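So the chains spell out like this:
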Amino acid sequence: MATAAAVGLEVLVLADHNSVDWVDTMLAAGQRHGIVVFPGLEITTATGSDGAHLILFMGPERSAEDLRPLLYSACGFGPDHPPFNPSRAGEPAPAPNTVPQILDKLPDDVLAIAPHAFGENGLVRQDTVTSQLRWKALHHDRLGAIDIGDGAEHQQADTWRGRFTRRELTDFPCLPRLPFVWTSDAYRLEDLGSRYTWIRMQEPSLEGMRQAFLDHEARIICGWDSRYRGTAQTPNDVGHAYISEITLAGLATSEQPLKVTFDPRLTVLVGGRGAGKSTVVAGLRCLYGETAGLPTQARDEAERFLEAVFGDASITAVHHLPHTGEHQRTTWTLADGSQTLRAADHLTSTDFRVRVIGQKELFERSAGSSHDPHSTSRNLLALVDDALAAGAPGAGGAAAFDRALDEARTTWVGAIRRLETEQTAIAERGLVRERVDELTRQVEAFDNEASRARRARNDRILSQDRELDRRLEETAQALTDLADAAQRRLPRPSVEVVVPDLSEAGEDAEAQTEYTGLRGGSTSSLTVLEAPCSTRSPALDRRYTGWASAAIVGRGRKPCPRPKRTAPRTSASSLLSAWTQRPTNKSALSWKTKPRTYTSLKRALRNCLSLLRTPPGPGKPSMTSTRTAEIDVGHCSTRSKTAVACCASLSRTTPTPVLGLHGSETCLTFAPTASLPTYLP
């Protein structure tokens with residue numbers, strides 16, 4: 001027993017051939033060394049020419065006296081068939097009953113195992129297993145398990161034994177339900193523990209062993225299993241995440257705290273109505289789950305339960321992380337929610353997610369709908385899809401793991417860099433606080449009474465400036481509209497010109513000749529029209545602008561002959577002298593010019609101002625009815641802008657409002673203020 005404990009064995013099923021005399025001694029030794037002993041016996045049956053071995057054992061609470069009757073009842077030993085050969089002392093004798101007969105007579109508190117099944121005395125030897133008795137014994141309900149030996153040696157072999165180990169033989173219907181074990185059959189102390197079987201039981205008992213045989217796929221693992229053989233891992237190692245315990249205090253339904261512990265693999269809560277099963281599930285949902293994904297009715301009930309039962313409750317649980325097995329404690333209150341206490345006593349939000357499925361949720365998901373016949377399947381399959389998505393290991397094997405590892409390493413490096421940045425920022429916190437204080441003082445200095453008054457005054461000025469700009473825009477638009485309306489209502493009349501006497505125009509012989517040729521008679525009425533460019537004199541164009549670009553056509557008794565050569569322009573001063581000195585009541589003045597530069601345009605404006613302001617000579621009409629001056633700005637480089645600039649310059653030098661202005665894109669017409677509205681001062 002000391003050797004068994006040293007090699008890590010916890011349970012021993014001890015069996016000796018046809019004898020139970022050792023049982024009490026071994027039971028006491030096992031108790032001293034912490035090993036549970038299941039007492040049993042091994043017999044050789046009379047099945048076949050060479051017989052078959054069978055192990056019968058009982059629970060660890062039984063003694064030799066409980067086991068001895070098996071030799072004579074089920075096995076058939078008696079006076080005529082003693083357990084040992086009389087002629088050979090100590091040699092076990094075969095039992096008179098066959099394996100099926102022994103299994104038929106076994107009491108309910110006895111289990112049977114067929115050891116070394118492929119051996120010489122095995123139950124499933126290839127050359128004897130098809131016999132009627134052995135085949136019947138192999139499929140007997142009372143046969144608990146068989147020992148197939150080292151299954152790893154034959155599991156991949158394409159042999160009859162390999163196919164039997166893989167449960168592929170279709171002529172043995174018992175294979176899917178038949179448990180496989182690996183017995184020691186040790187004849188030397190050093191062989192003890194070299195062959196063993198992992199059996200999952202709540203506690204070592206005969207009933208636990210029986211349940212393990214019935215659920216062998218989940219609860220029995222042979223020592224030759226490739227997942228554990230040659231490694232330090234055991235089936236008891238828990239690599240997945242799990243919750244180990246939960247404590248609910250301050251419940252509205254119970255004055256005493258409720259504590260429940262969970263097994264890492266499976267825990268079943270059994271109890272009647274009101275026992276607290278739903279309370280435990282609701283507590284787990286508060287700690288690790290959520291109610292958002294529940295069906296409508298289940299979600300409403302969960303929220304009502306939360307308010308009614310957990311209003312003043314405090315829930316605590318301990319969960320274990322995967323792989324490392326590190327445990328963390330999570331607490332929940334209605335005010336703070338779920339928080340987890342991590343290493344170094346850091347309390348953070350819980351990110352240990354658990355899918356909690358309650359009975360009422362299952363009922364609602366499985367309930368059918370007359371409008372949707374597939375609603376039940378869809379609702380239940382949603383749970384399956386969630387579970388598969390959460391537990392899927394992923395495809396790709398080692399390559400996928402390497403990619404995941406690289407991503408995790410990249411994330412970790414990024415987190416470390418962010419941590420360093422945060423630490424640097426924390427170290428500069430004092431400097432930042434001082435800078436903030438300094439800026440605060442500066443802001444307060446700008447916020448004194450004088451500064452506020454100055455800002456208010458500036459705001460008023462800006463507001464007034466914006467209002468002035470708006471009104472100026474409105475005034476300019478109104479003036480433009482008024483000018484357009486005046487242009488439409490006041491059509492331009494034909495201009496009749498009575499050529500004045502230019503006898504005193506000066507010493508310019510050409511001007512005097514032109515004046516004499518143009519007069520032709522004192523009563524000629526002339527109309528001034530713009531002449532084509534071919535009539536202009538290039539020589540005069542170089543010296544003057546104005547009448548050199550106009551032709552004078554006589555209208556009266558005698559036509560005015562065209563001069564043979566182009567005369568120089570009639571200057572404004574000559575016209576002004578004639579206007580103020582010749583006494584005639586039919587004289588009218590109209591003067592046109594086409595300046596090309598800013599200077600000439602300004603001079604033309606001044607000249608027209610002189611012409612229009614000077615009172616007429618004796619016997620002439622009033623000054624508001626017979627005088628106009630027209631300036632063609634079509635040849636100016638900037639047209640309207642230049643004209644407006646010149647008008648503005650002229651207005652500064654002539655403060656008396658004496659002119660009216662009628663303008664278009666290329667022409668400005670001036671008249672005394674009594675005949676046209678005043679647009680410029």
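In the block above lies the structure referred to throughout.
A brief structural summary. (Residues numbered from 1 in each chain as written. Predicted model: local features only at pLDDT ≥ 70, side-chain atom pairs only at ≥ 80, totals over all residues. Heavy atoms only, no water.)

A count of helices and strands for the chain gives 21 helices and 21 strands. Counting the 681 residues in the chain, one finds 35% classified as buried. When contacts within the chain are restricted to residue pairs at least 6 apart in sequence, long-range pairs at least 24 apart make up 61% of them. If you sum the accessible surface of the chain, you get close to 40900 Å²; carbon and sulfur atoms cover 53% of it. (Helix = DSSP H or I, 4+ residues; strand = E, 2+ residues; numbered from the N terminus. Buried < 20%, exposed > 50% of the residue type's maximum accessible area, 1.4 Å probe, protein only. Contact = heavy atoms within 4.5 Å. Areas by Shrake-Rupley, 256 points an atom, 1.4 Å probe, with all protein chains shown as cover.)

The next point concerns the pairing of strand β4 (residues 111–114). Residues in a regular strand project their side chains so that they alternate between the two faces of the sheet. Residues L111 and I113 of β4 are buried on one face, and the alternating residues A112 and A114, pointing to the opposite face, are buried as well. Alignment of strand β3 (residues 53–57) against β4, held across three bridges, turns out to be antiparallel. Bridging across to β4, I55 finds its partner in I113. Pairing geometry for β4 and strand β5 (residues 143–147), over three bridges, is parallel. Across the sheet, residue I113 finds its bridge partner in β5, namely A145. Where the polypeptide runs from β4 across helix α6 (residues 132–138) and back to β5, its parallel neighbour, the crossover connection is right-handed. (Pairing = 2+ DSSP bridges. Right-handed = clockwise from strand over helix to strand, strands pointing away.)

Attention now moves to the pairing of β3. Burial within β3 is extensive, with five of its five residues counted as buried. Note that strand β2 (residues 36–44) and β3 share five bridges and pair antiparallel. Bridged to G40 within β3 is F57.

The next thing to look at is the packing of helix α11 (residues 296–309) against helix α12 (residues 359–366). For the pair α11 and α12, interaxial distance at closest approach is 8 Å and the crossing angle is 160 degrees. Classified by the interaxial angle, the pair formed by α11 and α12 is roughly antiparallel. The interaxial crossing formed by α11 with α12 has right-handed handedness. Here T296, Q297, A298 and E301 of α11 come into contact with α12, specifically with K360, E361 and E364. Split by residue class, the contact of α11 with α12 holds one nonpolar, two polar and four charged. (Axes fitted to C-alpha atoms, helices over the stretch in contact; angles between N-to-C directions. Parallel < 35°, antiparallel > 145°, perpendicular 65-115°, else oblique. Left-handed = near helix turned anticlockwise from the far one by under 90°. Nonpolar A, V, L, I, M, F, W, Y, C, P; charged D, E, K, R; others polar.)

By size, the foremost hydrophobic cluster in this structure holds 53 residues, and its most contacted members are L56, L138, I146 and F164. Excluding residues within four positions of it along the chain, I146 makes contact with A114, A117, L138, F164, L178, P179, F180 and V181. Residues I246, V260, F310 and F352 belong to the second largest nonpolar core, which totals 20 residues. (Core = buried A, V, L, I, M, F, W, Y, C linked by side-chain atoms within 4.5 Å.)

What follows is about the environment of A604. Tracing the chain through its elements places A604 in helix α20 (residues 598–613). Residues A604 and T593 lie 11 residues apart in sequence; the distance between their C-alpha atoms is 7.2 Å.

Between side chains of opposite charge, a pair can form when the charged atoms approach closely. What the rule picks out here adds up to 22 salt bridges. Between R142 and D108 there is a salt bridge, with the nearest N and O atoms lying 3.9 Å from each other. Taken together, the residues R142 in the loop between α6 and β5 and D108 in the loop between α5 (99–105) and β4 connect sequence positions 34 residues apart. Note that E168 and R166 form a salt bridge whose closest N and O atoms lie 3.0 Å from each other. Looking at E168, the relative accessible area reads 42%, which means it is partly exposed. (Salt bridge = Lys/Arg side-chain N within 4 Å of Asp/Glu carboxyl O.)

Attention now moves to unusual backbone geometry. In this structure, N18 is a non-glycine residue whose phi angle is positive, near 60 degrees. Inspection of the secondary structure assignment puts N18 in the loop between β1 (11–17) and α2 (23–32). Positive phi, normally seen in glycine, also occurs at H116, with a value near 25 degrees.

A few words now on the sheet that holds β4. Across a sheet, strands are paired by hydrogen bonds formed along the backbone, either parallel or antiparallel in direction. If you trace the six strands from one edge of the open sheet to the other, you get β1-β2-β3-β4-β5-β6, paired in mixed fashion. Edge positions in the sheet fall to β1 and β6 (180–181), since each has one partner strand and no second. Relative to β2, β1 runs parallel, the two sharing seven bridges. Bridge pairing links D16 to L41 in β2. Relative to β2, α2 is tilted by about 150 degrees, and along the sheet it contacts β1 and β2.

A few words on the sheet that holds strand β11 (residues 314–320). Pairing within the open sheet is antiparallel, and its six strands lie in the order β10-β9-β11-β12-β13-β14. Bordering the open sheet on either side are β10 (258–261) and β14 (347–349), each of which pairs with just one other strand. Taking the axes of each pair of neighbouring strands and ignoring which way they run, one obtains an average angle of 25 degrees across the sheet.

Let us now look at a nonpolar patch on the surface. Together, L266, V268 and V270 make up a nonpolar patch on the protein surface, roughly 360 Å² of accessible area in all. Residue position: V268 is located in the loop between β10 and α10 (277–288). (Patch = residues over 30% accessible without salt bridge, like charges linked within 9 Å, V, L, I, M, F, W, Y side chains within 5 Å.)

Moving on to α11. In this model, α11 (14 residues) spans 20 Å end to end at C-alpha, consistent with the 20 Å of a helix rising 1.5 Å per residue. Elements that come into contact with the buried residues of α11 comprise α12. (Expected span 1.5 Å × (residues − 1).)

Time to look at the packing of aromatic side chains. Under the definition given, this model contains 11 aromatic pairs. For the pair F38 and F57, a centre-to-centre distance of 6.2 Å together with 85 degrees between the ring planes defines the contact as edge-to-face. In this pair, F38 is assigned in strand β2 and F57 in strand β3, connecting sequence segments 19 residues apart. Note on accessibility: F38 and F57 belong to one class, buried. For the pair W160 and F172, a centre-to-centre distance of 6.1 Å together with 75 degrees between the ring planes defines the contact as edge-to-face. Separated by 12 residues along the polypeptide, W160 in helix α7 (residues 160–165) and F172 in the loop between α7 and β6 bring together distant segments of the chain. (Phe/Tyr/Trp six-rings, centres within 6.5 Å; stacked < 30°, edge-to-face > 60°.)

Right, let's get into the side chain of N18. Residue class for N18 comes out buried when judged on its relative accessible area of 3%. Side-chain polar atoms of N18 contact the backbone oxygen of A93, separated by 2.8 Å. Once residues within four sequence positions are removed from consideration, N18 is found in contact with E42, I43, L71, F77, P83, F84, P92 and A93. (Polar contact = N/O pair within 3.5 Å; in protein donor to acceptor, adjacent residues only side chain to side chain.)

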